[in-house]
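# A structural walkthrough
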Amino acid sequence: MIFQRFYNEGLAQASYLIGCEATGEALVIDPHRDAEQYVRAAEIQGLRIGHVTETHIHADYVSGTRELASRTGARIVLSDEGGADWKYGFTHGAVLLRDGDSFVVGRIRIDVLHTPGHTPEHLTFLVTDTAGADRPMGAFTGDFIFVSDVGRPDLLERAAGYAGTMEAGARHLYRSIQQFKGLPDYLQIWPGHGAGSACGKALGAVPQSTLGYERLFNWALRVEDEDAFVGAVLADQPEAPR
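Quick summary incoming for the structure in this document. What you see is a predicted model; the values in this text were computed from it and never measured.

Our next topic: the overall build of the chain. What the chain contains, in helices and strands, is 7 helices and 12 strands. Taking 18 Å as the expected radius of gyration for a compact globule of 242 residues, we find that the chain reaches 17 Å, a close match to that expectation. If you line up the chain on its principal axes, its C-alpha atoms span 50 × 35 × 35 Å. Evaluated residue by residue, the chain yields a buried proportion of 51% over its 242 residues. Carbon and sulfur atoms form 50% of the exposed surface of the chain, whose accessible area is close to 10,700 Å². The averaged location of the 32 negative side-chain charges in the chain is 2 Å from the averaged location of its 21 positive side-chain charges.

Structure below.
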């Protein structure tokens, strides 16, 4: 499996390209507007971008999904979770994903987990390189689990004006974490943001982690009581960006 991380310092935002060396197929996760960097990287690696996806609807940068798909002919794959009042604004020609679904990129299998909390439709993608394994090696967690932190669940209410969503989002986030904690410690975590992002309280600057490490040292994975978690995750969040 070919793996490449792209990082925008100004946005503290990570996007990813993974490719199957055997078939030349590739997937881009959470691309921002500079589509050229992904096209160029794929060409250098001898890959063709056949799928483009997002972990969630982004409010802190302009998505490059449609532009990248238009340039490469890639299939767009998007979340179909979140309820009727929280859906992607475009679905024409897209493959819609729900919890438990999967799709393949060459010999790489992508399994879909619905992990709401930061946003209602948020997905996490588990990656299995079936050429040599039958279990996932890592997860693209988007704004669900970061290094040392988790995605804040208050922005829909504090920044976007969706009244009553803050506590509900926190409870959804707690339950998503409890489900995710059932996965193996060796699972690598590839988050969507790093230090400096306003999507959490105190994100780590290290580019990736493991579930085992986060289970030990990420405050949010150590809180066992739901009400205590809700209070903690909503407290002391930085001022919501406009």
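Before going further, it helps to spend a moment on the pairing of strand β3 (residues 25-29). Burial within β3 is extensive, with 4 of its 5 residues counted as buried. Across 4 bridges, strand β2 (residues 13-19) lies against β3 in antiparallel orientation. Its bridge partner lying in β3, Leu17 is registered against Val28. Joining the antiparallel neighbours β2 and β3 is a turn of 5 residues, in which Gly24 adopts a positive phi near 80°. Across 5 bridges, β3 lies against strand β4 (residues 48-53) in parallel orientation.

Definitions and cut-offs
Along each chain, the written sequence defines residue order, and numbers are assigned to residues from 1. Local features in this predicted model are restricted to residues whose pLDDT is 70 or higher, and side-chain atom pairs enter the listing and the counts only when it is 80 or higher, whereas totals over whole chains, interfaces and linings include all residues. Side-chain measures were taken over the full set of non-hydrogen atoms in the model, leaving aside hydrogen atoms and water. Put simply, DSSP marks the helices as runs of H or I at least four residues long and the strands as runs of E at least two long, and each gets a number from the N terminus on. This radius of gyration counts C-alpha atoms alone. The globule rule is 2.2 Å times how many residues there are, raised to the power 0.38. Each residue's exposure class comes from its accessible area (1.4 Å probe, protein chains only) as a fraction of the maximum for that residue type: buried when under 20%, exposed when over 50%, partly exposed otherwise. Surface exposure here means Shrake-Rupley accessible area, sampled with a 1.4 Å probe, where a residue is shielded only by the protein chains that are shown. We treat Lys and Arg as the positive residues and Asp and Glu as the negative residues; His and chain ends play no part in the count. For charged residues, the charge sits on one atom: NZ in Lys, CZ in Arg, CG in Asp, CD in Glu. Following DSSP output, two strands are said to pair if at least two bridges run between them.

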